[in-house]
Each structure stands twice: as C-alpha cells, then as structure tokens.
Amino acid sequence: MCIRDRYHSSKNIVKIEVKKQVKIVDKGIEFVFVLCENMDKKPTSLSSKTSNPFLPPFVDDVYVTEISQTHRLILNKFSVAKNHVLVVTKGFERNSEPLNADDIFASAKVMFALNGFAFYNCGSEAGASVTHKHLQVIPIEEFRNQVMFDEFEKIVELSGDEIAEYPSFKFRHCLLKLPSFDHRDTFESFSEAIFIRYKKMLSWLGNEDHKKSYNLIFTENWMFIALRDRETALNFLNINATGYLGRSFDNIV
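Calculation criteria
Residues numbered from 1 in each chain as written. Predicted model: local features only at pLDDT ≥ 70, side-chain atom pairs only at ≥ 80, totals over all residues. Heavy atoms only, no water. Helix = DSSP H or I, 4+ residues; strand = E, 2+ residues; numbered from the N terminus. Areas by Shrake-Rupley, 256 points an atom, 1.4 Å probe, with all protein chains shown as cover. Phe/Tyr/Trp six-rings, centres within 6.5 Å; stacked < 30°, edge-to-face > 60°. Buried < 20%, exposed > 50% of the residue type's maximum accessible area, 1.4 Å probe, protein only. Salt bridge = Lys/Arg side-chain N within 4 Å of Asp/Glu carboxyl O. Expected span 1.5 Å × (residues − 1). Arc of directions from axis to C-beta. Pairing = 2+ DSSP bridges. Axes fitted to C-alpha atoms, helices over the stretch in contact; angles between N-to-C directions. Contact = heavy atoms within 4.5 Å.

Visitor: Just checking my understanding: could you explain the overall build of the protein for this structure?
Guide: Looking only at helices and strands, one finds four helices and 13 strands in the protein. Surface accessibility of the protein: about 12600 Å² in total, with carbon and sulfur atoms responsible for 48%.

The structure is reproduced here in structure tokens:
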C-alpha cells in the first residue's frame, strides 16, 4: 500500500482541521497563520522511553515500512498536511543530536517519493515535541502557495555553490544550493553530498559543536538552516521549521 493510500485509510491519524488562515505581508515576506482545531491533542513533550510512539509496538495503521537498516517510515499521527510522514531512527537517538549520512539518505528517499521537502527540528528551542530523533517530510503541493520556496530558489541560483543568506531575515541562518540528483546516481552518493554541505553550513554558522538548537529544511535543490535560542516568537507563537517557509500552525481558541 502506498503512503497516500495508507494516510487516507488510517483510522488513527488525528487530522488537524484548518478553520481559518490569516495572511500577513511584512517587508515583502508573506506569512500565513493557520488556525486549527485538534492542535491541543498533539503532545508537547515525551517524558519516558516507554511512551515513545516512534518505537514498536506501533499504533495500527501508523507504521508504513522499513526504509533502511537504520530508519523506519511512519505516518505523523498529528498531521498538519496530507501525507505528512516521519522518518524515525530504529533505535532511540535524541532529537538534539546532529544528523548523519544515514538520516539524510532515508529522508531523501522519502522526499523524492513524495515530491516533498524534508525538515528537522533539532532541540527543544527548535520546536521539537518528541525527543526521539526524526525528520519530517511533507509533499510540496501542500505548501504550493508559500512564496518562500520561490524566494529561496532565486537566492541559491544566484549564489551558485556559495553559502548565502536571505536579505530580509535578520537572524542567524544560511542557504546553500544542493547538487543536482541524477537518477543514474545512487541515493548513497547523493545523501553523502548533502551531508557534506550540511556540515559546511553548521560550521559557517559557528555551530559545528552542535550546542545551539536549529531548524533545517531541504528540498531537491537547496538546504536552509536557522539557529534558535527560544521556541516561541512574540512570546506566544510556537515556531518550527515550517515557519521559515511562511506558515505557522496554532490552535484556535
């Protein structure tokens, strides 16, 4: 059964229902606040390994498949978009740990399969609600109206192989173009090339020691990393990686 079929047939997915969208444009940046129902059902923390939803036994219909010797694919039980999936490590690793080539290999395979983008909320200040290491993948079509995809594409095309910044962002971040994936190549070689660039970007940001939380996003064409020192914006709005694409989800009151 494919991911899309599993998502639509699952009885255990708590689908976050969008009730209202509020669009704000500031300094040319379009931002959408998505007000939802059911967001309060999403857990805010994971206190013990015994309650870990990313280790077997899984809830019925949530487990999808084995991706590799190191990673599994499961549905996001609290999905903010259709076909929102999680790439989780088979053994327990903390979500504050750096990515390795295996993490990128597994998430890149899923990203290409869904024509999506992958993201990693590294550390509690980056909006990670579960401490078990996981990347998330969402089909790009679910974010098709977010202009930041086009904006980031323009920046990396102009920058070539050089690390770049988005001019309107005043916080520590960077962008880098990724090598083109030739389908005659292996995912191993492609993921290794991405991994090298990931380490280069962390070094450029002064976070090679991995002491700061950060959000990471990558598509087939580019990678973005932003450092974090707190989880909220404006003292109340929780932001994770999708916020840098111009979309934030919050519970309607």
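Visitor: Please explain the packing of aromatic side chains as it appears in this structure.
Guide: Within a pair of aromatic rings, the relevant descriptors are the distance that separates the centres and the angle that separates the planes. Taken as a whole and assessed by the stated rule, the structure comprises 16 aromatic pairs. Measuring from ring centre to ring centre gives 5.9 Å for Phe-117 and Phe-119, while their planes differ by 25°; the resulting arrangement is stacked. Both residues of the pair, Phe-117 and Phe-119, count as buried. By the ring-pair criterion, three or more aromatic residues cluster together here, those being Phe-117, Phe-119, Phe-149, Phe-152, Tyr-166, Phe-169, Phe-171, Trp-222, Phe-224 and Tyr-244.

Visitor: Whenever I open this one, the pattern of salt bridges confuses me. Can you help?
Guide: Opposite charge on two side chains permits pairing when their charged atoms draw close. Scanning all chains against the criterion turns up seven salt bridges. Lys-133 serves as the salt-bridge partner of Asp-103, at 2.6 Å between the closest nitrogen and oxygen. Note that Asp-103 is positioned in helix α2 (residues 101-114) and Lys-133 in the loop between β6 (116-122) and β7 (134-139), a separation of 30 residues in sequence. Of the residues examined, Asp-103 reaches a relative accessible area of 1% and is grouped as buried.

Visitor: Please clarify how helix α3 (residues 148-159) should be interpreted in this entry.
Guide: If you check α3, its first and last C-alpha atoms are 16 Å apart, about what twelve residues at 1.5 Å a residue would give, namely 16 Å. Within the sequence span of α3, burial applies to Met-148, Phe-149, Phe-152, Ile-155 and Val-156. All buried residues of α3 project into a common sector of 130° when viewed along the axis, lining one side. Away from the buried face of α3 by more than 90 degrees, exposed residues Asp-150, Lys-154 and Leu-158 are located.

Visitor: Hey, could you run me through unusual backbone geometry in this one?
Guide: Both trends apply: most residues other than glycine have a negative phi, and most peptide bonds are in trans. Here the bond from Pro-56 into Pro-57 is cis, since omega is 0°, no more than 30 degrees from zero. Residue placement: Pro-57 occurs in the loop between β2 (29-37) and β3 (63-66). Even without glycine at this site, Asn-115 takes up a positive phi of about 50°. Topologically, Asn-115 is positioned in the loop between α2 and β6. The exposed category is assigned to Asn-115, whose relative accessible area is 54%.

Visitor: Honestly, the pairing of β7 in this entry has me stumped. Any pointers?
Guide: Here is the key point about a regular strand: its side chains alternate between the two faces of the sheet. The buried fraction of β7 amounts to six of the six residues, a majority that puts the element mostly inside the structure. Across the two faces of β7 the burial is the same, with His-134, Gln-136 and Ile-138 and Leu-135, Val-137 and Pro-139 all buried. For β6 and β7, the ladder comprises four bridges, and the chain directions are antiparallel. Residue pairing in the sheet places Gly-116 in a bridge with Pro-139 of β7.

Visitor: I'm lost on the sheet that holds β3 in this one. Help?
Guide: Remark on secondary structure: sheet strands pair via backbone hydrogen bonds, oriented parallel or antiparallel. Spatial strand order, β3-β4-β5-β7-β6-β9-β10-β8: eight strands in an open sheet with antiparallel pairing. The sheet terminates laterally at β3 and β8 (173-177), the two strands that pair on one side only. Neighbour-to-neighbour, the strand axes of this sheet turn through a mean angle of 20°, independent of strand direction. The pairing of strand β4 (residues 71-75) with strand β5 (residues 85-89) spans five bridges and is antiparallel. Across the sheet, the residue bridging to Leu-75 is Val-85, located in β5. Most of the contacts of α2 go to β7, to which it runs at about 15°, and overall it touches β4, β5, β6, β7 and β9 (213-218). The strands touched by helix α4 (residues 187-204) are β8, β9 and β10 (222-228); relative to β8, the strand with the most contacts, the crossing angle is about 150°.

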